[in-house]
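The lines below spell out each chain.
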Amino acid sequence: MKAIKKLVLTTLTTALLLLPMGTNAIAENAGASIPQDAVQVQEFVPGQVPAELSVTDTMSPAIHGVVLAMLNHNVTSFDASNQELAWESVYNMLSLYGQLDERSEYQGDDLVVLSEGVRDYAAAILPDLSVLSELPRNLDDRMCYDPQQDAFLVACGSDDLAELHLTSSPAANGQLCISGSLVYTVDGSELAQFDALFQLSENLFGHALVSLELK
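Here's a quick rundown of the structure.

Reading the values: rules and limits
- Numbering of residues starts from 1 in each chain and follows the order in which that chain's sequence is written.
- Two thresholds apply to this predicted model, a pLDDT of at least 70 for residue-level local features and 80 or more for giving and counting side-chain atom pairs, whereas whole-chain, interface and lining totals are computed over all residues.
- Values shown for side chains rest on all heavy atoms present in the structure; no hydrogens or waters enter the calculation.
- Side-chain atoms within 4.5 Å link the members of a nonpolar core, which is a set of buried Ala, Val, Leu, Ile, Met, Phe, Trp, Tyr and Cys residues.
- Relative accessibility thresholds used throughout: buried, under 20% of the residue-type maximum; exposed, over 50%; partly exposed, between the two (1.4 Å probe, protein chains only).
- Only heavy atoms enter the contact rule, under which two residues are in contact if any of them lie within 4.5 Å.
- Strand pairing is assigned whenever DSSP detects at least two bridges linking the two strands.
- Secondary structure counts use DSSP, requiring at least four H or I residues in a row for a helix and at least two E residues in a row for a strand, with both numbered from the N terminus.
- A fitted line through C-alpha atoms represents every axis, and for helices the fit uses only the stretch in contact; the resulting angles, taken between N-to-C directions, go from 0 to 180 degrees.

Brief notes about the nonpolar core
The nonpolar side chains of a soluble globular protein tend to be buried with one another. Counting 54 residues, the largest nonpolar core has Ile-125, Leu-126, Leu-182 and Leu-212 as its most contacted members. Discounting residues that sit within four places of it in the chain, Leu-182 has contacts with His-64, Val-67, Leu-68, Leu-71, Ala-162, Glu-163, Leu-164, Ser-189, Glu-190, Leu-191, Ala-192 and Phe-194.

Some points on the pairing of strand S7 (residues 190–200)
Regular strands place side chains that alternate from one sheet face to the opposite one. Taken together, the eight bridges between strand S6 (residues 176–184) and S7 define a ladder with antiparallel strand orientation. The residue of S7 that forms the bridge with Ser-179 is Asp-195. Hairpin geometry of S6 and S7 is characterised by an intervening segment of five residues between the two adjacent antiparallel strands and by a positive phi of about 80 degrees at Gly-188. Sheet analysis places S7 next to strand S8 (residues 207–214), joined by seven bridges and oriented antiparallel. Within S8, the residue paired with Leu-197 across the bridge is Ser-211. Counting the residues in the hairpin turn of S7 and S8 gives six residues, including Gly-206, whose phi is positive at 85 degrees.

Re helix H5 (residues 115–122)
Of all eight residues making up H5, seven are buried, and the element is well covered by its neighbours. Residues of H5 that are buried in the fold lie against helix H4 (83–97), strand S2 (110–114), strand S3 (143–146) and strand S4 (151–155).

Some details on the sheet that holds S3
Across the sheet, four strands lie side by side as S1-S2-S4-S3; this open sheet has antiparallel pairing. Strands at the two margins of the open sheet, each flanked by one partner only, are strand S1 (105–107) and S3. With strand direction ignored, the average angle separating the axes of adjacent strands in the sheet is 35 degrees. Note: S1 against S2, three bridges, orientation antiparallel. Considered in S2, the bridge of Gln-107 is made with Asp-110. H4 contacts S2, S3 and S4 of the sheet and is inclined by roughly 75 degrees relative to S4. Packed onto the sheet, H5 meets S2, S3 and S4 and runs at close to 80 degrees relative to S2.

Nothing here speaks to function; it is all geometry.
Structure, rendered in structure tokens:
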């Protein structure tokens, strides 16, 4: 059973994480880093998240991105200071949900996400955006920075074989606990269970991740 579960997880992460980018994008990405002024949090603009969405719906991109990155890195606790883990979590969010941002557009096979859009997504999971000061090499084939557009080119993946099942409950000090599982849609089996803690925050999503633990 463990071997089958590992095979399913490998298939899912491969489908999402290993889509190649064009050779030009890879070449341009050599030594790429996000500019220092691009790690500053933008002023929050109320109303950008539809009011009819529940908190679990709103925070599902953050949870989805982090859980997939944690599974790929084989860790059980999210460490926001781990640059590779943080960047991969942000990449997952952009790859799966970045097209929902009206500021983003496709350029060939890649999604062009403005730096401010990357910051907005990252603010939901990272208390300190300075961890994004340099794009790690392990994302060279999936994401690169284009200084001319002040944007990132993102190779979009797919995670159609898995879906999140989430429940929320209040926690101390006005925080919110969201628990759930990543479920394999083919047979309904659980690939991962987790508990995430969020706090209110003036960002695009309205909350920011405090902690996420895999069970």
